[in-house]
Structure formats: structure tokens, C-alpha cells
Number of protein chains: 2
Amino acid sequence: MATGNRTGPSTPSTPSTPSATPGAPARRPGGRTARTRALVLDAVRAQLVEHGYDGLTVDAVADRAGVHRTTVYRRWQDVGGLLADLLTLGADDDWQPADTGTLLGDLAALNHEVHASLTEQPSIAAALIAVSFRSPQAAEALRDFWEGRYAQCETVVDRAVVRGELPPGADARALLVAATAPLYHHLVLLRSAPDPELPDRAARTAVLAASAGAFTG
Amino acid sequence: MATGNRTGPSTPSTPSTPSATPGAPARRPGGRTARTRALVLDAVRAQLVEHGYDGLTVDAVADRAGVHRTTVYRRWQDVGGLLADLLTLGADDDWQPADTGTLLGDLAALNHEVHASLTEQPSIAAALIAVSFRSPQAAEALRDFWEGRYAQCETVVDRAVVRGELPPGADARALLVAATAPLYHHLVLLRSAPDPELPDRAARTAVLAASAGAFTG
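Reading the values: the criteria
- Residues numbered from 1 in each chain as written.
- Chains lettered and ligands numbered in written order.
- Predicted model: local features only at pLDDT ≥ 70, side-chain atom pairs only at ≥ 80, totals over all residues.
- Heavy atoms only, no water.
- Helix = DSSP H or I, 4+ residues; strand = E, 2+ residues; numbered from the N terminus.
- Expected span 1.5 Å × (residues − 1).
- Bend = angle between axes of the 7 residues up to and from the residue.
- Buried < 20%, exposed > 50% of the residue type's maximum accessible area, 1.4 Å probe, protein only.
- Polar contact = N/O pair within 3.5 Å; in protein donor to acceptor, adjacent residues only side chain to side chain.
- UniProt positions renumbered as here; feature names shortened; annotations may be inferred.
- Contact = heavy atoms within 4.5 Å.
- Buried area = accessible area lost by both parts, 1.4 Å probe.
- Salt bridge = Lys/Arg side-chain N within 4 Å of Asp/Glu carboxyl O.

Participant: What is the right way to look at helix 8 (residues 172-189) of chain A in this model?
Facilitator: Every α-helix carries 3.6 residues per turn, so stepping three or four residues along brings you back to the same face. All names here are of chain A. Compared with an ideal rise of 1.5 Å per residue, which puts 18 residues at 26 Å, helix 8 spans 24 Å between its outermost C-alpha atoms and is within 8% of the ideal. Most pronounced at threonine 180, the bend in helix 8 amounts to some 35 degrees, and the proline proline 182 follows within four residues. Most of helix 8 sits inside the fold, with 17 of its 18 residues counted as buried. One side-chain oxygen at the N-terminal end of helix 8 lies 3.3 Å from the backbone nitrogen of arginine 173; it belongs to aspartate 171.

Participant: Hey, could you run me through the UniProt feature "DNA-binding region" (unreviewed entry) in chain A in this one?
Facilitator: As annotated by UniProt and renumbered to match this structure, "DNA-binding region" (unreviewed entry) occupies residues 57-76 of chain A. Counting secondary structure, residues 57-76 of chain A comes out at 80% helix and 0% strand; the distance between its end C-alpha atoms is 12 Å.

Participant: Would you take a moment to explain the interface of chain A and chain B for this structure?
Facilitator: When the parts of a complex come together, some accessible area is lost, and that lost area is often used as the size of the interface. Facing 30 residues of chain A, the contacting portion of chain B comprises 30 residues. Both sides of the chain A and chain B interface together cover about 2,900 Å² of buried area, and 70% of this is carbon and sulfur. Linking chain A with chain B are zero salt bridges. Here chain A is connected to chain B by seven residue pairs in polar contact (both at pLDDT 80 or more).

Participant: Would you mind showing me how to read the pattern of salt bridges here?
Facilitator: Close approach of charged atoms allows side chains of opposite charge to pair. The tally for this structure, following the rule as stated, stands at 24 salt bridges over all chains. Of the charged contacts in the structure, one is a salt bridge between B:Asp85 and B:Arg37, with a shortest N-O distance of 2.9 Å. Of the two residues, B:Asp85 is situated in helix 4 (residues 79-91) and B:Arg37 in helix 1 (residues 32-51); the sequence distance between them amounts to 48 residues. Residue B:Arg37 is classed as buried on the basis of its relative accessible area of 18%. The salt bridge partner of B:Asp59 is B:Arg69, with a shortest N-O separation of 3.1 Å. Highlighted residues: B:Asp59 in helix 2 (residues 58-65) and B:Arg69 in helix 3 (residues 69-76), separated in sequence by ten residues. Here the salt bridges share partners, and the residues they tie into one network are A:Asp59, A:Asp63 and A:Arg69.

Okay, structure coming up:
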């Protein structure tokens, strides 16, 4: 998923996880409109990771994409519109959580994707989180994106219930947040150094809590 | 602690928790220098919650504090210096985690402080987190502040070990992050609505995980 989701080694992107934020477009279906969108959103990503929000202007994006400025203004209006569309694109892809056969394995795989997306250099995920504190439109789009990703991940919990790993009625969202939140906390807020053991450790903690009944009743 | 930490109902401040970020000065020891610092940092807080980072300039802070601009420039240099000093002040106070007699009670009390600091209107904690994505100096000061707070909270885990609630050797930091991270994740990153049950639920999850051996071995 992560690799299939990238346009190339030089284009910053990210696995589209609940953590993460949209990667490069998975496909570029034909049509000039679709090609223009791909060019423009690639330029948004590149501009964002290289220059941050302060370097993200409609004009800079248009110039970088080689698209007429008027076209960009007409279709996206402003920087908020560009960021919202970038997140919409990420939400539209065909990402699915890994199916490893165990709850622990699924959560660990998810956490490894989150960890990778937040620690890769440059990280479009980290850049978009930072931008969400500046642009209300980006904040709303990021919230919607994560909402969609967590909803997609509920299948991980459903499968664990079917396998008898969890009792029916487990609160999937609370379990998924418990598993993933420590990664965001360490890497985004506490700004700790990347810790290769953190994804597995946080997944294991959530599974042990679940086994002890934390997310049921 | 939370109330003793406020200067008054009209001054936005916050309980100084690992979550939170420094409240108003606990004391104002005599001396003109100390009084100037208190006036200036009160003005930083007020300016930040009312106008955000974009409205935070040395001149605006000096004018609001009624302190000569030159004095502020000489002592704090720039906005980064002001924010760093605000966080240093928070770290210097005499905050201690509540001692309720149980691990669950202590973690729940901590989480209620975190929840309150992030949801009060206006929230200086939320404002400082947002600013940490703009000012590297604020980011570093916030990291140091949290580091201090988590270190202070390790006593919660130590006491639980003494009471026999946890086996010796429990990873205090991992347990504290597991307990508090879901609050930050929901309220700061996912931008969920305040949830009065979240503090207790996250504390209970961490305690159940701990009982199941998540933070030992």
C-alpha cells in the first residue's frame, strides 16, 4: 500500500493511514482535468514540505505545477481549498488496513505505517498536521480524513470479534485510538526521536487492555 | 493547584499538567524585575488566546503590559523568547499530581486536568500547542515543559508499586503516555468535541493494560 501509493522517490507522499495524511494519487485517470489536478496537488505537497505553510501560495503552486494561475484560482480559490482537496484525494484512495490474521498483527502493521508516515523526511503527514493549526479549512479536511480512516480501520476490530479474540460489542474506535494515539503523542506533540519499538509496544498495550475488558461494557 | 495557579478569573491560564501548559505565575515575589516579568507574561498569555500567534508581537505585548518596549526587547529579544519564558515559568511552579490513594484515581485526576486545560475557553494550552508548530523556540520549550511534567508524574507510578498495585520495574513513562495520549489525540489532533467521560475511560484503559502486564518486562 505504502509504495503503491507513491508517485516516485522524489515526490513526498505518505502512506494514507489514520495517522497519516494523503499520499500521492494512486491513479491518474485520463482527462485533462484529472491531469491538472494531479499536477497541482503534487506541487502543493512539494511546496508544503519544502517551504511550509508560509511558502504555500496559489501562485507558487501554479508556477511549480506549470499550470495557469487563473486555472488554479478558479478551481481551488485559495490555499485552504488546495489543502482540503489534497486531503480529499487521500480519502478517496483504496487504502485498506493490513489483514495479518491477528488483532495484534493488524494493529502493529497500522502503527508501523503511522510511524513511517510521521518520521519520513520530509513528512507530508507532519506538514499537514502543522498546517491544520493555521488553516481552519485544512483542519476540517484533516478531521474528515482521519474520521474516514478510523472508520475503515474498524474492520480490524470486527475481524478480531469474528475470530473470537474480542467479545462482541467492543468499542472499535476507542481501541483504535488507544493503539495509535501514543505514536502521535510521542512524535507530533512531545517531539520525541523516532522509536522503532514504539509501534509494536503501543499495539501490544492496546491488545492487553482489550483482553482485560477495557473496550467492552 | 489549578485555582491557586490562576491570577484571576479574567486572566486566561491553565492547570499546569503534562497536558497543559503553564498557567499564570503561582507567586509574584517582590522586586521590580519579577513584577515586570509577571506583567509581560500575563500579556503574552492574553494576547495569544485573543489573537493567536499572528497577533503576538513584542510591541503588542509591551503595550498591553504597560512596559517599555525597549525593556521587553532587551530581556526577551523576540516572540520566541517570550514563549519560552512563559513555559519556563510554568515548569517552575510547585505543581504535583493528585494523590488519591489508587493508580486509577491518580490517573483519572491527571486526565481531568488535561481535559479541562484543553477544553477551557480560551485555552492557553491549546494556543501554545498550536504555536509550537510555528516557533522552534516554543516547540523546544514545550518539549522541556512536558518532559518535566511527565517526570513529576512518575511518582504516581512509584506509589502504585509501593501499594502493590503494580509490579516493580513498571515503565512509568509508557504508562503515563498511554493514559494521557488519547485525550490529546481526540482534543488536539482529531478535534473531537469535549467528552466528559474520556478522562476516566482513558485512565481505566491504561490501568487495565498495566494490570495485564503491558508496561512490565
